[in-house]
Amino acid sequence: MDIDAVLSQAIQAPSGDNCQPWEIQKTSDGVEIFNVPAKDQSLYNFRQQASYLAHGALLENFSIAAKHLGFDPDVKLFPDANNLNLVARIKLRIINPQPQQLFECIAKRTTNRKPYKNIDLPPVLLETLESAASDVPGVRLMLAKGAQQRNILAKSSAINEQAVLENEYLHKFLFQHVVWTRKQLEQLKSGMFIKTLEMPRPAETVFKMASSWKTVCILNKLGLSKIVAKQNEQVYNHSAAFGLIVIKNNNHDSFVRAGQALERVWLNLTKEDLSLHPVAGIIFLILRIKGGGVKEISDKHQKMVLRSYENIKNVFHLDDTDIPAFMFRLGQGGKPSATSPRLPLKSLLRPGQNF
Ligand SMILES: Cc1cc2nc3c(=O)[nH]c(=O)nc-3n(C[C@H](O)[C@H](O)[C@H](O)COP(=O)(O)O)c2cc1C
């Protein structure tokens, strides 16, 4: 059995703006997974927290696929304290394949940014999601589903969209990663395809104009950033619930584990034909501001983000020891208009040995 079959599933993991910040080295008894900081230099990726989360999702896919295809993975996170780019060293032992219910969901999982139906989710599903996440050590999933809570969370998360259009660094990173045509997408196999953003045509045209920083500054004077935030708030309000992944330690291991939990939740939702949309921007900005990375964020935006976080904290009844790691909305969203491709496995492999 070839390990490439497992790796091909692992790299279907989600990542911020579809940056795919990983490289893989095959070793004599398994594989090593590396983070590539240069692939995601955004303000959202303070101390590589967002990338570590994405790696957690990759490792979750890896473990599911390995067992399904006949390998027992022994995963050690950050085995070299002097090299935090080495996220995991995985030793593999050949075993009889152990069919995994979630295996088929790895390839089907996708981000869905459409408005969702505000349906009532069955309590048993919510319990499954909570326990899938809390099976990962040090991680907890909190869910909020009442209309009033949803309103607050929709508004608080959409503040991020205002910030993206008003902060030059956030703006630059977003538009560097937008892919405008299918042809370009076919070549790049990374980044965020415009059709996955689920914008109506007129909004797409304005979005294109807003890709120039000079133009967006003028349009913001006419209220664009606030209008966009309002429109996103309305979309986010069409959700069955919001989820917040919470950790207790602000270290790299915990962000990887938060990513493992996120992927478990996402795959379980996929199994039930339900959708998930990360609304993580505001959380990553809070982590950055609280960690002291404020140089590139104006006082006005810091205040805006901190106010939003107070609301999020109140809805989820967080205490001061809880660290928010990731927020998302979930519900019945149907089929997204487009999906995001992945780089070929070959291009992610470092020269090495063969398992
Ligand atoms: C750490 C992380 C942060 C993300 N943040 C956001 C976000 O704030 N808003 C959003 O629309 N999508 C977000 N995403 C979703 C990614 O854009 C998406 O996973 C990527 O484009 C690949 O698409 P796919 O999930 O459909 O495979 C995030 C994903 C990860 C893993």
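Here the structure is a predicted model, which means the values were calculated and not measured. (Residues numbered from 1 in each chain as written. Predicted model: local features only at pLDDT ≥ 70, side-chain atom pairs only at ≥ 80, totals over all residues. Heavy atoms only, no water.)

Undergrad: So what exactly am I meant to see when it comes to empty space enclosed by the protein here?
TA: Rolled over the atoms, a probe with the dimensions of a water molecule shows which regions are left empty. Taken as a whole and assessed by the stated rule, the structure comprises 1 cavity of 30 Å³ or more. Computed from the structure, the largest cavity encloses a volume of approximately 30 Å³. What lines the largest cavity is simply Ala-163, Asn-167, Leu-170, Leu-285, Ile-289, Ile-297, His-301 and Val-305. Tallied by class, residues from the lining of the largest cavity come to 6 nonpolar, 2 polar and no charged. (1 Å grid on protein atoms, 1.4 Å probe; cavity = no way out; pocket = protein on both sides within 12 Å on 5 of 7 lines; lining within 4 Å. Points joined across faces, edges and corners; volume = space filled by probe spheres on them. Nonpolar A, V, L, I, M, F, W, Y, C, P; charged D, E, K, R; others polar.)

Undergrad: Would you mind showing me how to read the pairing of strand E10 (residues 323-331) here?
TA: Each regular strand carries side chains that alternate between the two faces of the sheet. Burial runs high along E10: 9 of the 9 residues are buried. Pairing between strand E8 (residues 241-247) and E10: 7 bridges, direction antiparallel. Looking across to E10, one finds that Ala-241 is bridged to Leu-330. By the bridge criterion, 4 bridges tie strand E9 (residues 275-278) to E10 in an arrangement that is antiparallel. Bridge assignment links Leu-276 to a residue of E10, and that residue is Leu-330. (Buried < 20%, exposed > 50% of the residue type's maximum accessible area, 1.4 Å probe, protein only. Helix = DSSP H or I, 4+ residues; strand = E, 2+ residues; numbered from the N terminus. Pairing = 2+ DSSP bridges.)

Undergrad: When you look at the packing of helix H12 (residues 281-290) against helix H13 (residues 299-316) in this model, what are you seeing that I'm missing?
TA: At a minimum axis separation of 10 Å, H12 and H13 run at an interaxial angle of 115 degrees. Judged by the inter-axis angle, H12 sits roughly perpendicular to H13. In this structure, the crossing between H12 and H13 has a hand that is left-handed. Along the contact surface, H12 presents Ile-282, Ile-283, Leu-285, Ile-286, Ile-289 and Lys-290, while H13 presents Gln-302, Val-305, Leu-306, Ser-308, Tyr-309 and Ile-312. Within the contact of H12 with H13, the residues separate by chemical class into 9 nonpolar, 2 polar and 1 charged. (Axes fitted to C-alpha atoms, helices over the stretch in contact; angles between N-to-C directions. Parallel < 35°, antiparallel > 145°, perpendicular 65-115°, else oblique. Left-handed = near helix turned anticlockwise from the far one by under 90°. Contact = heavy atoms within 4.5 Å.)

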